[in-house]
Structure formats: structure tokens, C-alpha cells
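Chain by chain, the residues run as shown.
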Amino acid sequence: MSDYKEFKGKQGLVRLFNALGYSRDGLAAAWKNEAAFREEVLLAIVAIPLAVFLGETGVDRALLIGSILLILIVEILNSGLEAIVDKASPEKHQLAKQAKDMGSAAVLLSLISAATVWACVLWP
């Protein structure tokens, strides 16, 4: 129980500062360990400036950029899910496969969603 209080007892700026550090660590781990995340970051590096240039309104730009950021978010969640499954069940198991497949499907759907948003916003 004391471990729980150690992590949950911080408040205010200390908590915010710690949260930023955890987020930095998570992004670094995704970059280091996940090739798909690195590829999607490269996509974002190209797509986000394009979104700013091609979007005619603030809403257009927000939709285009948000759809790309959603891909990165879902990829990080999928990677976290895979790490938990690997830790909990290192041997092959149907439920572990199912969980990983669903995470992969979520990434695929985020990619399809982004493509749809870009087509709808940019199609004349």
C-alpha cells in the first residue's frame, strides 16, 4: 500500500512535472522499441506540415493533424498492450493472440480513419 501512496501522493506542479517525465519516457520507449511507431512518426513529420499548408480553415487543419496524431496515440496504446501481454503470458496462448490482434486492428482502423479524413477534407 505504501508503494501506491508513493505514486499517488504527489500533487500540483510536482505531479505535473513527474507526469511529463513519464510521458517523455513512454515516447522514448516507443521510438526505441517499435519500428511501426518510428515509421508513423516519419509520416507525421511529412503530413503535419502538409496539413498546415493544405488545410483551408482551422477546422480542416485540426482534422488533418488530429487524424495523424490519433495514429500515433493508438500505436502507443497497442505497443503498451503488447508489452503487458508479453509480460503476463510469454507462452503462446489464444487470448494473448486475440489481444494483440485487436490492438493491431485498432492501429489499422486509425490509419483508415486518417486516410478517410484526408480524402474528405482535400477532395474537391
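Residues numbered from 1 in each chain as written. Predicted model: local features only at pLDDT ≥ 70, side-chain atom pairs only at ≥ 80, totals over all residues. Heavy atoms only, no water.

For the chain, the count of helices and strands is 5 helices and 0 strands. Each helix and strand of the chain, placed in order from N terminus to C terminus, yields the pattern α-α-α-α-α. By the compact-globule yardstick of 14 Å for 124 residues, the chain is too spread out, its C-alpha radius of gyration being 18 Å. Considered along the principal axes of its C-alpha atoms, the chain spans approximately 60 × 45 × 20 Å. The 124 residues of the chain split such that 22% are buried. By sequence separation, contacts in the chain at least 24 residues apart represent 61% of the contacts at least 6 residues apart. Carbon and sulfur atoms form 69% of the exposed surface of the chain, whose accessible area is close to 9,000 Å². Mean positive and mean negative side-chain charge positions of the chain (12 and 13 charges, respectively) differ by 8 Å. (Helix = DSSP H or I, 4+ residues; strand = E, 2+ residues; numbered from the N terminus. Rg over C-alpha atoms; globule rule 2.2 N^0.38 Å. Buried < 20%, exposed > 50% of the residue type's maximum accessible area, 1.4 Å probe, protein only. Contact = heavy atoms within 4.5 Å. Areas by Shrake-Rupley, 256 points an atom, 1.4 Å probe, with all protein chains shown as cover. Lys, Arg positive; Asp, Glu negative; His and termini not counted. Charge placed at Lys NZ, Arg CZ, Asp CG, Glu CD.)

Okay, the pattern of salt bridges next. Taken as a whole, this structure holds 3 salt bridges when the rule is applied. The residue Asp-25 makes a salt bridge to Arg-24 at a minimum N-O spacing of 3.0 Å. In this structure Arg-24 comes out as exposed when scored by relative accessible area, which is 55%. Its salt-bridge partner being Lys-100, residue Asp-86 comes within 2.5 Å of it at the nearest N-O pair. Residue Asp-86 is located in helix H4 (residues 58-88), and its partner Lys-100 is located in helix H5 (residues 94-122); the two are separated by 14 residues in the primary sequence. (Salt bridge = Lys/Arg side-chain N within 4 Å of Asp/Glu carboxyl O.)

Of all hydrophobic cores here, the largest spans 12 residues; its members are Ala-30, Phe-37, Val-41, Ala-44, Ala-47, Ala-51, Leu-64, Ile-68, Ile-71, Leu-72, Ala-114 and Trp-118. When residues of this core are traced back to their parent elements, those giving at least two are helix H3 (35-54), H4 and H5. Every residue in contact with Trp-118, bar those within four places of it in the chain, is listed here: Ala-47, Leu-50, Ala-51, Leu-54, Leu-64, Ser-67, Ile-68 and Trp-123. (Core = buried A, V, L, I, M, F, W, Y, C linked by side-chain atoms within 4.5 Å.)

Within the element layout of this structure, Glu-40 appears in helix H3. There is no salt bridge for the buried Glu-40, and the closest opposite charge comes from Arg-38, which lies 11 Å off by N-O distance. Apart from residues lying up to four places away in sequence, Glu-40 is in contact with Ile-71, Leu-72, Glu-75 and Val-107.

Time to look at a nonpolar patch on the surface. Taken together, the side chains of Trp-31, Leu-42, Ile-45, Val-46, Leu-50, Phe-53, Leu-54 and Leu-122 make up a nonpolar region of the molecular surface, amounting to roughly 790 Å² of accessible area. Looking at the nonpolar patch, the element that brings in the most residues is H3, giving 6 residues. Take Leu-122: its relative accessible area is 36%, and that puts it in the partly exposed class. (Patch = residues over 30% accessible without salt bridge, like charges linked within 9 Å, V, L, I, M, F, W, Y side chains within 5 Å.)

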